[in-house]
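An overview of the molecular structure
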Amino acid sequence: MSIDNAPGAAMAVRTLEPRHPAMLRTWTFLRTRHWTFLAGLSILVAIVSLLIVSPWITPYDPAAQNLVARLSPPSAEHWLGTDHLGRDTFSRLLVGGRFTVTIAMITVILSFAIGTLIGVIAGRVGGLLDEVTMRVVDLLISIPDVVVAIFLVAIFGPGYVTLIVSLTVIGWTPFARLARGLTLAINAQGYIRAAEVLGCSRSFIILRHVIPNIIRPIAAVSFLRFGHKLITVGALSFLGLGVQPPAPDWALMLADAQPYFERLPILMITPGLAIFLAALSVTWIGHGLEIEARDGGSTDE
């Protein structure tokens with residue numbers, strides 16, 4: 001009897017096989033990631049988890065006022081103290097982050113989808129369409145998105161929809177420029193020419209060959225842009241052009257706490273630290289993905 005057919009050998013092989021393939025794949029994925037990606041992902045998961053469970057763990061109504069307990073320092077009753085209207089800072093911090101993060105996330109997703117689609121089409125079609133598209137991108141990318149947001153908010157008034165639209169009007173341009181440049185580089189690859197010779201449609205080439213090869217670097221940029229949008233949303237809310245009171249918001253908490261910084265500095269420290277950690281986490285994730293995309297190359301062989 002050969003060794004390969006021995007019952008003991010078969011049992012040994014079964015023992016070496018992983019009992020939980022999903023856990024093994026997860027461990028392999030984490031082990032091969034850059035440290036900035038892992039650090040940013042850990043911070044982001046912690047923040048998002050707190051924001052998701054915030055309706056069940058907030059001890060007080062974030063809009064409930066208690067003027068008797070206004071500007072109270074941290075205590076067992078109010079972990080982070082209360083603001084100038086007696087509202088619980090911890091409750092407002094958890095609920096307020098949901099508005100800020102959600103607006104920034106929706107803006108980045110829309111900008112990612114619109115910009116990538118426009119950039120890929122311009123890069124594949126070329127000619128006049130490519131030239132006109134890039135001139136429009138150059139024009140819009142030279143305008144700060146905060147200026148556009150202030151202009152649109154002044155016309156249509158503050159609100160969630162206005163804020164998302166105003167940040168998306170300019171936000172798609174970096175994605176379009178990057179997607180177009182990557183598409184031009186992929187156009188020269190041999191597998192693209194082979195697909196064209198075989199008569200594959202333009203849409204098939206875009207979906208099968210172009211987008212899979214540009215998704216990683218664009219995803220890295222999307223995380224970097226998310227941090228930028230997060231700070232922009234906070235700046236607009238701080239100026240009174242974003243989320244409107246009485247809705248809680250990190251930037252509004254900063255603005256409201258500014259006159260009371262010397263008396264109770266924690267009112268400004270906590271929302272400022274939340275914005276900093278959220279922006280830092282997505283920036284680190286984007287940096288890690290950018291390094292891996294630069295070192296890993298394309299997905300096609």
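Preceding block: the structure.
Here is what the cut-offs are and how they apply
- Residues numbered from 1 in each chain as written.
- Predicted model: local features only at pLDDT ≥ 70, side-chain atom pairs only at ≥ 80, totals over all residues.
- Heavy atoms only, no water.
- Helix = DSSP H or I, 4+ residues; strand = E, 2+ residues; numbered from the N terminus.
- Patch = residues over 30% accessible without salt bridge, like charges linked within 9 Å, V, L, I, M, F, W, Y side chains within 5 Å.
- Areas by Shrake-Rupley, 256 points an atom, 1.4 Å probe, with all protein chains shown as cover.
- Salt bridge = Lys/Arg side-chain N within 4 Å of Asp/Glu carboxyl O.
- Buried < 20%, exposed > 50% of the residue type's maximum accessible area, 1.4 Å probe, protein only.

So, on to unusual backbone geometry. Its identity as a non-glycine residue notwithstanding, L71 has a phi of 55 degrees, on the positive side. Positionally, L71 belongs in the loop between α4 (54-57) and α5 (89-125).

Bringing a nonpolar patch on the surface into the picture now. Residues V48, L50, I52, V53, W56 and I57 make up a contiguous nonpolar surface patch of about 570 Å² in total accessible area. No other element matches the 3 residues that helix α3 (residues 35-52) contributes to the nonpolar patch. In this fold, I57 is placed in helix α4. The exposure class of I57 is partly exposed, given its relative accessible area of 36%.

A pair can form between side chains of opposite charge whenever their charged atoms are brought close. Overall, the coordinates contain 7 salt bridges when judged by the stated rule. For the salt bridge of R177 with D138, the shortest nitrogen-to-oxygen distance reads 2.3 Å. Of the two residues, R177 is situated in helix α8 (residues 160-187) and D138 in helix α6 (residues 127-141); the sequence distance between them amounts to 39 residues. Owing to a relative accessible area of 39%, R177 belongs among the partly exposed residues under this scheme. By relative accessible area, which is 27% here, D138 ends up partly exposed. In this structure, a network of salt bridges that share partners links the residues D83, R87, R92 and D256.

In short, the description is geometric, and any link to function would need to be established separately.
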